[in-house]
Amino acid sequence: MFNDIGALELLTLVVLAVLVFGPEKLPKVIQDVTRTIRKIREFSDSAKEDIRSELGPQFKDFEFEDLNPKTFVRKQLMDGDDDLGLKEIRESFDLRKEMAEVTDAVNGRESASPAAAAAPDLLKKPAQPAKDERPPFDADAT
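Note that this is a predicted model, so its numbers are computed, not measured.

Definitions and cut-offs
- Residues numbered from 1 in each chain as written.
- Predicted model: local features only at pLDDT ≥ 70, side-chain atom pairs only at ≥ 80, totals over all residues.
- Heavy atoms only, no water.
- Helix = DSSP H or I, 4+ residues; strand = E, 2+ residues; numbered from the N terminus.
- Buried < 20%, exposed > 50% of the residue type's maximum accessible area, 1.4 Å probe, protein only.
- Areas by Shrake-Rupley, 256 points an atom, 1.4 Å probe, with all protein chains shown as cover.
- Patch = residues over 30% accessible without salt bridge, like charges linked within 9 Å, V, L, I, M, F, W, Y side chains within 5 Å.
- Salt bridge = Lys/Arg side-chain N within 4 Å of Asp/Glu carboxyl O.
- Expected span 1.5 Å × (residues − 1).
- Bend = angle between axes of the 7 residues up to and from the residue.
- Polar contact = N/O pair within 3.5 Å; in protein donor to acceptor, adjacent residues only side chain to side chain.
- Contact = heavy atoms within 4.5 Å.
- pLDDT = per-residue confidence, 0-100.

Draft legend 1. Structural detail: the overall build of the chain. Across its full length, the chain holds five helices and zero strands. The proportion of buried residues among the 142 residues of the chain is 6%. Carbon and sulfur atoms make up 61% of the accessible area of the chain, which totals about 13,500 Å².

Set out below in structure tokens:
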């Protein structure tokens, strides 16, 4: 929850707390806040245990963090069995190979991949049509 608070922000909060509550009341306020946080955690833990006991033994491994959509998708799709062929789909979105081929083409190096051998040479200029020849016309495109 407070993982992204830096040293400057923490120092600002301490100075603000001293100014608002004063040095005499600050220890009592800190004790009250920690006691309240501890009670909220105990209440939350007991509620989670009650829900787990009500769900039954088949849900003993149930984690409430799995209800977060990001965690659910990661657990179900990324870490689960690859029955759906998701590994190939994830690898097809990997653009490093394509970027390497483009880099090789720009630098004039030959690419080692077989797909690059079948790909057209983008650096070669197309043949110029004859002067009498008209460019192709597509009526649907105009």
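Draft legend 2. A nonpolar patch on the surface, seen in detail. A surface patch of nonpolar side chains, amounting to about 390 Å² of accessible area, comprises Ile 5, Leu 10, Leu 13, Val 14 and Val 18. Structurally, Leu 10 is set in helix H1 (residues 7-55).

Draft legend 3. Broad picture of H1. Compared with an ideal rise of 1.5 Å per residue, which puts 49 residues at 72 Å, H1 spans 43 Å between its outermost C-alpha atoms and falls more than 12% short. The principal kink in H1, of about 105 degrees, is found at Gly 22, preceding the proline Pro 23 by one to four residues. Those residues of H1 that sit buried are Gly 22, Leu 26 and Arg 52.

Draft legend 4. Structural context of the pattern of salt bridges. All chains considered together, the criterion is met by four salt bridges. One salt bridge connects Glu 49 with Arg 52, and the closest N-O pair in it is separated by 3.3 Å. Pair noted here: Glu 49 and Arg 52 are both in helix H1, with a separation of three residues, about one helical turn. Look at Arg 52 and you get buried, because its relative accessible area is 18%. As a salt-bridge pair, Arg 52 and Glu 63 come within 3.7 Å of each other at their nearest N and O atoms.

Draft legend 5. View of the side chain of Arg 52. Reaching out from Arg 52, the side chain makes a polar contact with the side chain of Glu 49 at a distance of 3.3 Å. Setting aside chain neighbours within four positions, we find Arg 52 in contact with Phe 62, Glu 63 and Phe 64.

Draft legend 6. Spotlight on the confidence of the model for the chain. Chain-level pLDDT for the chain is 79 on average; 79% of the residues reach the 70-or-more range. At the low end of the mean pLDDT range in the chain sits helix H5 (residues 114-118), at 55; at the high end sits H1, at 91.

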